[in-house]
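Here is what each chain is made of, one letter per residue.
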Amino acid sequence: FSTNSPKCSLLLPFSGIQVEPQLKLERDFFSQLPEGQKKDWVFRPYKQDYGRRILERLHGALANVVIDDLSLTGVERISQSRLVVCDNIQSVYYEVMKLDYPLILLIDPDLFIELPGYGPLYQAMIEVNILFFDLEKCLAHINSIWEDPEKWWPSESVRRVKKLFFDYLDPYDSRTF
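Report follows, based on the coordinates. (Residues numbered from 1 in each chain as written. Predicted model: local features only at pLDDT ≥ 70, side-chain atom pairs only at ≥ 80, totals over all residues. Heavy atoms only, no water.)

## A look at the packing of aromatic side chains
The cut-off we apply is this: Only Phe, Tyr and Trp rings take part, Trp by its six-membered ring, and two of them pair if their centres are within 6.5 Å. Stacked means planes under 30 degrees apart, edge-to-face means over 60, and tilted covers everything else. Numbering of helices and strands runs from the N terminus; a helix is a DSSP stretch of H or I covering at least four residues, while a strand is a stretch of E covering at least two. For every residue, the accessible area obtained with a 1.4 Å probe (protein chains only) is divided by the maximum for its type, and the residue is called buried under 20%, exposed over 50%, and partly exposed between those limits.
All chains considered together, the criterion is met by 13 aromatic pairs. Relative to W146, the ring of W41 lies with its centre 5.8 Å away and its plane at 20°, an arrangement referred to as stacked. Here the residue W41 occupies a position in strand β2 (residues 41–43), and W146 occupies one in the loop between α7 (135–145) and α8 (149–152), the gap between them amounting to 105 residues. For the pair W41 and W146, a shared accessibility class is recorded, and that class is buried.

Following this line, the structure appears as structure tokens:
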């Protein structure tokens, strides 16, 4: 893995059993990225592919995108990224939030399972452009913050939602935002 890009961004893919719909979302994401941005993205597959052949199945969509060689831990790779996009609500998005790196969740609405009582959190995350169920809106937001995601991430509205996030998921987290 090597990128000299100061705009290194990372997509962390889904690893669950709903492979085909998730691959479509990832394919669409990369195919709709502006050509000039693709070289600045890193696709980090899971180490265990479980026979799914993810890289092989995404081959065309990943043209001009750097494939992570997994030589660094997830935390190390995240720390090199200026923006992280997760296409699932599994543990990795929580880790990115704990590390406080700019995060976007792009979720296929057909695969989303809303946790009871979490509606206000999801709505707040949508309002500050952390959570997206629509690819075009997600890409428009990425384009709007592309030059400097750090201007968006520490904003007061995003900070309030990060606090709400930890109130829901980790009420013992003592950090202030």
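Having seen the structure, we can now continue with the description.
## Quick word on helix α9 (residues 156–169)
Going by this rule: How far a helix is expected to stretch is found by multiplying one less than its residue total by 1.5 Å. In this description, one arc is meant: the one made by directions from the helix axis to the C-beta atoms. It only takes one pair of heavy atoms within 4.5 Å for two residues to be counted as in contact.
The end-to-end C-alpha distance of α9, which contains 14 residues, comes to 20 Å, matching closely the 20 Å that a straight helix rising 1.5 Å per residue would cover. Every buried residue of α9 is listed here: V158, V161, K162, F165 and F166. Down the axis of α9, the smallest arc covering the buried residues is 140°, so these residues share one side. Residues of α9 that are buried in the fold lie against α5 (91–99), α6 (119–127) and α8.

## Section: the pattern of salt bridges
The criterion, for reference: Salt bridges, as used here, are contacts in which a Lys or Arg side-chain nitrogen is within 4 Å of a carboxyl oxygen on Asp or Glu.
Overall, the coordinates contain nine salt bridges when judged by the stated rule. Its salt-bridge partner being K24, residue D28 comes within 2.6 Å of it at the nearest N-O pair. Taken together, the positions of D28 and K24, both in helix α1 (residues 19–32) and four residues apart, correspond to about one turn of that helix. Accessibility expressed as a relative area gives 48% for K24, which makes it partly exposed. D100 is the partner of K162 in a salt bridge, and the nearest nitrogen-oxygen pair spans 2.9 Å.

## Considering the packing of α5 against α9
When two helices pack together, their arrangement is given by the angle between their axes and by how far apart the axes lie. Applied cut-off: Throughout, an axis means a line fitted to C-alpha atoms (over the contacting stretch in the case of helices), and angles, computed between N-to-C directions, take values from 0 to 180 degrees. For classification, angles of less than 35 degrees are called roughly parallel, those exceeding 145 degrees roughly antiparallel, those between 65 and 115 degrees roughly perpendicular, and all remaining angles oblique. Crossing handedness: left-handed means the near helix sits turned counterclockwise from the far one by under a right angle, and right-handed means the same turn made clockwise. By the convention adopted, Pro, Cys, Tyr, Trp, Phe, Met, Ile, Leu, Val and Ala count as nonpolar, Lys, Arg, Asp and Glu as charged, and the other residues, Gly among them, as polar.
Contact geometry of α5 with α9 gives a least axis separation of 11 Å together with a crossing angle of 125°. The angle between α5 and α9 places the two elements in the oblique class. Where α5 crosses over α9, the handedness of that crossing is left-handed. Mapping the contact onto sequence places Y93, Y94, M97 and K98 in α5 and K162, F165, F166 and L169 in α9. Its residues assigned to classes, the contact of α5 with α9 comprises six nonpolar, no polar and two charged.

## What to know about α5
Every buried residue of α5 is listed here: V92, Y93, V96 and M97. An end-on view of α5 places all buried positions within 145° of arc, on one side of the element. Backbone geometry just downstream of α5 places D100 in the positive-phi region, at approximately 60°.

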